[in-house]
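Notes for the structure review
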Amino acid sequence: MALLQVNGLQKQFDKAQVLRGVSFTLEQGQVLAIIGSSGSGKTTLLRCLNFLETPDSGEILVGGKPASRQQFGLVFQNFNLFPQYTALENVALAPKLLKIGNKSDIQTRAENLLGQVGLADKLDAYPWQLSGGQQQRVAIARALAMQPEILCFDEPTSALDPELTDEVLRVIRGLKQKNHTMIVVTHEMAFAKCVADVVIYMADGVIEEMGTPEEVFDNPKSEKTRAFLTRRFDAE
Amino acid sequence: MSVTLQLLQGFEETLKVFALTLVFSIPLGLLVCFGSMSRIKPLRWLIRGFIWVIRGTPLMLQLMVIFYGPGLMFHMRALPRFTAVIVAFSINYACYFAEIYRGGIESISQGQWEAGQVLGLSRSQTFFRVVLLQVVKRILPPMSNEIITLVKDTALARIIAVYEVIWAGESFIKSGLIWPLFYTGAFYLVFNGLLTILFSTAEKKLNYFRG
Ligand SMILES: Nc1ncnc2c1ncn2[C@@H]1O[C@H](COP(=O)(O)OP(=O)(O)OP(=O)(O)O)[C@@H](O)[C@H]1O
Ligand SMILES: [Mg+2]
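All right, on to the overall build of chain A then. Within chain A, the regular secondary structure consists of eight helices and 10 strands. Taking 236 residues into account, the globule formula puts the C-alpha radius of gyration at 18 Å, and chain A, at 18 Å, falls close to it. Reported as C-alpha extents along the three principal axes, the dimensions of chain A are approximately 55 × 40 × 35 Å. Burial statistics for chain A: of 236 residues in total, 54% are counted as buried. Within chain A, residue pairs in contact and separated by at least 24 positions form 65% of the contacts whose partners lie at least 6 positions apart. With 24 positive and 28 negative side-chain charges, chain A shows a spacing of 5 Å between the two charge centroids.

Before going further, it helps to spend a moment on the interface of chain B and chain A. Each side of the interface is counted separately: chain B has 20 residues, and chain A has 23 residues. Taking both partners together, chain B and chain A bury about 2,000 Å²; carbon and sulfur atoms supply 62% of that area. Per-residue buried area on chain B facing chain A is highest for Val118, Leu119 and Arg129 of chain B; these three make up 32% of the total on that side. Summed over the shared surface of chain B and chain A, the number is one salt bridge. Note that Arg47 of chain A and Glu114 of chain B form a salt bridge whose closest N and O atoms lie 2.8 Å from each other. Connecting chain B to chain A are nine residue pairs in polar contact (both at pLDDT 80 or more). Sorting the residues of the side of chain B that touches chain A by element identifies α5 (110-118) and α6 (123-153) of chain B as the ones contributing at least two each. Residue contributions to the side of chain B that touches chain A peak at seven residues, all from α5 of chain B. Counted by class, the side of chain B that touches chain A contains eight nonpolar, nine polar and three charged residues.

Here the focus is the site of ligand 1. Residues and elements named next belong to chain A. Around ligand 1 lies a shell formed by Phe13, Val18, Ser37, Ser38, Gly39, Ser40, Gly41, Lys42, Thr43, Thr44, Glu155 and His187. Note that an oxygen atom of ligand 1 is positioned 2.6 Å from one of the side-chain N or O atoms of Thr43. Burial of ligand 1 by the protein amounts to 60% of the accessible area it has alone, namely 630 Å². Partitioning the shell around ligand 1 into residue classes produces two nonpolar, eight polar and two charged.

On a regular strand, one side chain projects to one face of the sheet and the next to the other, so that they alternate. Across eight bridges, strand β1 (residues 4-13) of chain A lies against strand β2 (residues 16-26) of chain A in antiparallel orientation. Paired with Lys11 of chain A across the bridge in β2 of chain A is Leu19 of chain A.

Note: most residues except glycine have negative phi, and most peptide bonds are trans. Residue and element names in this part refer to chain A. If you check the backbone angles, Asp14 has positive phi at about 45 degrees while not being a glycine. Position of Asp14 among the secondary structure elements: in the loop between β1 and β2. Assessed through its relative accessible area of 77%, Asp14 is described here as exposed. Backbone geometry places Asn179, a non-glycine residue, at a positive phi of 75 degrees. Mapped onto the secondary structure, Asn179 falls in the loop between α5 (162-177) and β8 (181-185). Exposure remark for Asn179: the relative accessible area of 44% places this residue in the partly exposed category.

How big an interface is tends to be stated in terms of the accessible area lost upon association of its parts. All names here are of chain A. Domain boundaries in chain A define domain 1 (1-40 + 51-67 + 198-224) and domain 2 (69-175). Taken together, the contacts link eight residues of domain 1 with seven residues of domain 2. Taken as a group, Leu3, Phe51 and Val62 account for 59% of the area that domain 1 buries against domain 2, more than any other trio of residues on that side. Taken together, the links from domain 1 to domain 2 amount to zero salt bridges. Viewed at the interface, domain 2 and domain 1 are joined by zero residue pairs in polar contact (both at pLDDT 80 or more). By residue class, the composition of the side of domain 1 that touches domain 2 is eight nonpolar, no polar and no charged.

Attention now goes to the packing of helix α2 (residues 41-56) of chain B against helix α4 (residues 81-106) of chain B. Residue and element names in this part refer to chain B. Two numbers describe how α2 lies on α4: the axes approach to 9 Å, and their chain directions differ by 120 degrees. Between α2 and α4, the angle is such that the two are oblique. In this structure, α2 meets α4 at a crossing whose hand is left-handed. Of the residues in α4, those touching α2 at Arg48, Phe50, Ile51, Ile54 and Arg55 are Ile91, Asn92, Cys95, Tyr96, Ala98, Glu99 and Arg102.

Rules behind the numbers
- Residues numbered from 1 in each chain as written.
- Chains lettered and ligands numbered in written order.
- Predicted model: local features only at pLDDT ≥ 70, side-chain atom pairs only at ≥ 80, totals over all residues.
- Heavy atoms only, no water.
- Helix = DSSP H or I, 4+ residues; strand = E, 2+ residues; numbered from the N terminus.
- Rg over C-alpha atoms; globule rule 2.2 N^0.38 Å.
- Buried < 20%, exposed > 50% of the residue type's maximum accessible area, 1.4 Å probe, protein only.
- Contact = heavy atoms within 4.5 Å.
- Lys, Arg positive; Asp, Glu negative; His and termini not counted.
- Charge placed at Lys NZ, Arg CZ, Asp CG, Glu CD.
- Buried area = accessible area lost by both parts, 1.4 Å probe.
- Salt bridge = Lys/Arg side-chain N within 4 Å of Asp/Glu carboxyl O.
- Polar contact = N/O pair within 3.5 Å; in protein donor to acceptor, adjacent residues only side chain to side chain.
- Nonpolar A, V, L, I, M, F, W, Y, C, P; charged D, E, K, R; others polar.
- Near = heavy atom within 4 Å.
- Areas by Shrake-Rupley, 256 points an atom, 1.4 Å probe, with all protein chains shown as cover.
- Pairing = 2+ DSSP bridges.
- Domains from an automatic or database assignment.
- Axes fitted to C-alpha atoms, helices over the stretch in contact; angles between N-to-C directions.
- Parallel < 35°, antiparallel > 145°, perpendicular 65-115°, else oblique.
- Left-handed = near helix turned anticlockwise from the far one by under 90°.

Below you can see the structure in the form of structure tokens.
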């Protein structure tokens, strides 16, 4: 059985129908890349998965049961680190407040997570002392600290200078090797192509096309997908 | 010598009004602020209407209403003078503080709340452990303004015959002495000077983070 099943998700804001029945499944350990033009509902979909929005209808199942918030983690486009806390405190805060294990375990685990994202030497740095790429890596460690079953990323590199995107993408690639299940909304087509197991192209609130990277990028079935990809690759 | 003693008595009264008003109005302001941001519409409008009345009328008038009102309107016994002063000042300043708090809270990006939420923190955990210190940092300058105004507003207490420092100074005019009045001025200056130093120290303390 698939780890994640999303069935017929719908969401409306005021008069705009932003999600019009989104359904897909994702296997444990797979990486799903979601691409699509601006306003197609990618962020809204991630926000529904993370309980930041309540869908109007449809269901989200993890392991066959209705999902709970702790099963998902979210890495934001603009990091949203807590400015008054050091990198280490940012990572350890939620586990401490929610009493996930004892104090010294939490501390060690937070240190290890920061090591894992390549920031072992920045434990005591405040967010303003870190580059955008470093801040985003702290945000990834912070999300991992809650041990989500599915980690979501909303354009994790689009607020970064081009030379800093690689260090973040490398971390995501490392997580894939550790068998983390992930959903990544991205405009980085090359990244989606080589890291994703499944690619979804969204347009106007529906899944226009879904398949392996080869299927979606090299042999798109839909005319819309083809047009989008042409525009994208011209832009790059 | 008796002049100094009498002035000191006035200082003491002024200091008490100042300190007690702060002790009550700072937390009360937070309650008023939460009320004015409540999702329950009638409550929100009630509290905002209340803030409008309190900020829109002179403190002096509120002082009189609270002191004389109960007796004249409801034939109740009036509050003791000093208590009436503390009640009026606390309510008045709570409303000003509430608006400062609200501005501070609303200036924190939604992303901070959402980051707390996706990590599984409750709203109150996110407020007290994530948002609050950022709010404090942002509201320190307007709070220090308001608190310095409070120091000077304490002089209004005399309107219902609470013996504050200017009254103490003024009582010597009859005997031809002006310098006690200058003393009171110096008292205000020193007091506000200390507060200014205190606030700039606090601001420096919070300079370790940005945001
Ligand atoms: N809270 C909201 N209230 C009203 N409309 C909203 C809200 N959130 C999103 N929308 C609208 O929903 C539509 C889809 O937005 P969404 O952010 O999901 O798109 P997106 O695919 O993530 O786009 P982008 O690539 O620009 O990030 C947009 O038209 C947006 O204006
Ligand atoms: Mg988006």
